Amino acid sequence: MTTPKKPLITQTKGISQTEITNTASIPELKAKRKQQPDAHNLVASILNKDITALSRAITLIESNNQKHYALANTIVKQCLSHANKSVRIGITGIPGVGKSTFIEAFGCHLISKNKRVAVLTIDPTSTLNKGSILGDKTRMAELAKQKNAFIRPSPSGNTLGGVAQKTKESIILCEAAGFDVIIIETVGVGQNETAVHNMVDFFLLLKLAGTGDDLQSIKRGVIELADAIAINKADGEHNKQATLYKNSLAKALSLYPEKLSGWKPKVTTCSALNNEGIESIWNMVEDYKNVTTANNYFHLKRQEQNKFWLIDTIETRLKANFFSNQHIKKELEKQLKLIEANKTTPFAAANYLLSLKY
Ligand SMILES: Nc1nc2c(ncn2[C@@H]2O[C@H](COP(=O)(O)OP(=O)(O)OP(=O)(O)O)[C@@H](O)[C@H]2O)c(=O)[nH]1
Ligand SMILES: [Mg+2]
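Caption draft 1: Summary view of the layout of surface pockets. Approximately 770 Å³ is the volume found for the largest pocket. Lining the largest pocket are 27 residues, with Tyr 69, Asn 73, Glu 169, Thr 313 and Arg 317 sitting closest to its centre. Among the elements of the structure, helix H4 (51-62), helix H5 (66-80), helix H9 (163-176) and helix H14 (297-324) are those that each provide at least two residues to the lining of the largest pocket. If you tally residues by element for the lining of the largest pocket, the top one is H14, at eight residues. Its residues assigned to classes, the lining of the largest pocket shows 11 nonpolar, 11 polar and five charged. Viewed by domain, the lining of the largest pocket spans two of them, domain 2 (83-295) and domain 3 (305-355), each represented by three or more residues.

Caption draft 2: Structural detail: the packing of aromatic side chains. In this structure the tally under the stated criterion is eight aromatic pairs. Grouped by ring-pair contacts, the aromatic residues Phe 102, Phe 106 and Trp 282 constitute a single cluster. Cation over ring: Lys 266 sits above Trp 263, and NZ or CZ is 4.0 Å from the ring centre. Over the face of the ring belonging to Phe 298 we find Lys 289, whose NZ or CZ atom lies 5.3 Å from the ring centre.

Caption draft 3: Structural context of the sheet that holds strand E6 (residues 228-231). Pairing within the open sheet is parallel, and its seven strands lie in the order E3-E2-E4-E1-E5-E6-E7. Two strands bound the open sheet, and with one partner strand each, they are strand E3 (149-152) and strand E7 (266-269). Mean inter-strand twist for the sheet, computed between neighbouring axes without regard to direction, equals 20°. Across four bridges, the pairing between strand E1 (residues 87-93) and strand E5 (residues 202-207) is parallel. Residue Thr 92 lies in a different strand from E5, and its bridge partner there is Leu 205. In the packing of helix H6 (residues 99-112) onto the sheet, the strands contacted are E1, strand E2 (117-122), E3, strand E4 (181-187) and E5, and the crossing angle to E4 comes to about 175°.

Caption draft 4: Local environment of the nonpolar core. Counting 38 residues, the largest nonpolar core has Ile 75, Leu 173, Cys 174 and Phe 179 as the members making the most contacts within it. Mapped by element, the contributors of at least two residues to this core are helix H3 (39-47), H4, H5, E2, H9, E4 and helix H10 (192-197). No other element matches H4, which puts seven residues into this core. Residues within four places of Leu 173 in sequence aside, it is in contact with Ile 46, Leu 54, Ala 57, Ile 58, Ile 61, Ile 75, Val 76 and Cys 79. In terms of nonpolar packing, the next biggest core, distinct from the first, is built from 35 residues, Ile 151, Phe 202, Ala 272 and Tyr 297 among them.

Caption draft 5: Representation of the pairing of E1. Most of E1 sits out of view: seven of its seven residues are buried. Neither face of E1 is open: one carries Val 87, Ile 89, Ile 91 and Gly 93, the other Arg 88, Gly 90 and Thr 92, and all of them are buried. Relative to E4, E1 runs parallel, the two being bridged by seven bridges. Its bridge partner being in E4, Ile 89 is matched across the sheet by Ile 183.

Caption draft 6: Looking closely at the site of ligand 1. The environment of ligand 1 is made up of 17 residues, and the closest members are Lys 99, Thr 101, Arg 139, Asp 235 and Ala 272. Separating an oxygen atom of ligand 1 from a backbone N or O atom of Ser 100 is a distance of 2.9 Å. Between Asn 232 and ligand 1, the recorded distance is 3.2 Å, taken from a side-chain N or O atom to an oxygen atom. Relative to its unbound accessible surface of 650 Å², ligand 1 loses 78% to contact with the protein. Listed by contribution, the elements that provide at least two residues to the shell around ligand 1 are H6 and helix H7 (131-139). Looking at the shell around ligand 1 element by element, the count peaks at three residues for H6. Class assignment of the residues belonging to the shell around ligand 1 gives a composition of five nonpolar, six polar and six charged.

Caption draft 7: Geometry of helix H13 (residues 278-294). With 17 residues, H13 extends 25 Å from end C-alpha to end C-alpha; this agrees with the ideal 24 Å at 1.5 Å per step. For H13, every residue scored as buried is listed here: Ile 278, Ile 281, Trp 282, Met 284, Val 285, Tyr 288 and Thr 292. Seen along its axis, H13 keeps its buried residues to an arc of 150°; they face one direction. Exposed residues lying more than 90 degrees from the buried face of H13 are Asn 290 and Ala 294. Looking one or two residues beyond H13, the residue adopting positive phi is Asn 296, at roughly 75°.

Caption draft 8: Expanded view of a nonpolar patch on the surface. A contiguous nonpolar patch, built from Leu 310, Ile 311, Ile 314 and Leu 318 and spanning about 380 Å² of accessible area, is present on the exposed surface. Position of Leu 310 among the secondary structure elements: in helix H14.

Caption draft 9: Spatial organisation of H5. Taking 1.5 Å per residue as the helical rise, H5 with its 15 residues ought to reach 21 Å, and the 22 Å between its terminal C-alpha atoms agrees with that figure. Turning to H5, its buried residues are Leu 71, Ala 72, Ile 75, Val 76 and Cys 79. Angular distribution of buried residues about the axis of H5 spans 140°; they occupy a single face of the element. What points out from H5, more than 90 degrees from its buried face, is the exposed set Gln 66 and Lys 77.

Rules of the game
Residues numbered from 1 in each chain as written. Chains lettered and ligands numbered in written order. Predicted model: local features only at pLDDT ≥ 70, side-chain atom pairs only at ≥ 80, totals over all residues. Heavy atoms only, no water. 1 Å grid on protein atoms, 1.4 Å probe; cavity = no way out; pocket = protein on both sides within 12 Å on 5 of 7 lines; lining within 4 Å. Points joined across faces, edges and corners; volume = space filled by probe spheres on them. Helix = DSSP H or I, 4+ residues; strand = E, 2+ residues; numbered from the N terminus. Nonpolar A, V, L, I, M, F, W, Y, C, P; charged D, E, K, R; others polar. Domains from an automatic or database assignment. Phe/Tyr/Trp six-rings, centres within 6.5 Å; stacked < 30°, edge-to-face > 60°. Lys NZ or Arg CZ within 6 Å of the ring centre and 35° of its normal. Pairing = 2+ DSSP bridges. Axes fitted to C-alpha atoms, helices over the stretch in contact; angles between N-to-C directions. Contact = heavy atoms within 4.5 Å. Core = buried A, V, L, I, M, F, W, Y, C linked by side-chain atoms within 4.5 Å. Buried < 20%, exposed > 50% of the residue type's maximum accessible area, 1.4 Å probe, protein only. Near = heavy atom within 4 Å. Polar contact = N/O pair within 3.5 Å; in protein donor to acceptor, adjacent residues only side chain to side chain. Areas by Shrake-Rupley, 256 points an atom, 1.4 Å probe, with all protein chains shown as cover. Expected span 1.5 Å × (residues − 1). Arc of directions from axis to C-beta. Patch = residues over 30% accessible without salt bridge, like charges linked within 9 Å, V, L, I, M, F, W, Y side chains within 5 Å. Salt bridge = Lys/Arg side-chain N within 4 Å of Asp/Glu carboxyl O.

What follows is the structure, given as structure tokens:
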């Protein structure tokens, strides 16, 4: 991969390079964006594979403006019957493991196989450090240039209802726009991995050999979620170490109980930078799809995920409504002071606050 002389992705007043590459001139795009959004037209354009309409609709989903809420809902609902046709792949790993570099290589490989690829990223650190998003854009420069690719970084962290839920709805829109493979990149911190695992079909964990990262392999949590683990940066002097690590991980995984999916998680090595091992990872995804389609797990998992998101959305909304209410805010302050003064218990205070009408 050659380093671009200048960033290939530049923001032109909120219009991404992908949109620019894929469609008309900038004045045309700006004119298009100024028109009032209309659900019917937007959905028709999305179904017509119009990337600008897709971007606009995702922006509506991500909006904190209550006025956009009903419109966004209508769009998602109308797209739903056209969704569900893609393979959804979650990619996680510690910062710097090579997720973006991998997605660039993997995405370009898929495009060479005539697939349309959408990449959504969930990055909770991006609000604190804008550098991460910029890094992603330059790291996926080749992919971003492809007319069959769509790359969308996550919204800022403080959206109503949580970043993950917005991503779940964005997946539906991307599928309606005819993308065959949806890739979700998430930084391996906090609750992100579980959230992403709950919205994808195939979960890929990238790891590194010979760093503190391999110590984490002892912790079962994320490893148990993975359908495949790829030891990245298996190039140059790290190659041998990566293979040793792959073998020890494969041994460890073989001791885990069999998964409901009937799929045995695979371990492999790759070099995202040198484009090595990429094809075999796509083959794993295809094998996984074949196995789980045959035993109906693929379909059942999506159903279970939708039920999960129903409950999760209710919980998130109830919480957001509760804590953003002015009356509750004031009463909560008072209860916190009473707790400091040891005049009430957390449970009594919670009971009182939950009994309030708001
Ligand atoms: N040698 C080598 N370097 C790699 C490979 N993949 C990625 N890198 C380098 O590792 C660094 C981090 O890569 P990224 O793709 O940005 O990693 P990331 O996991 O997306 O990082 P965050 O988005 O910050 O979490 C970059 O300097 C890459 O060039 C690889 O296969 N081999
Ligand atoms: Mg990245």
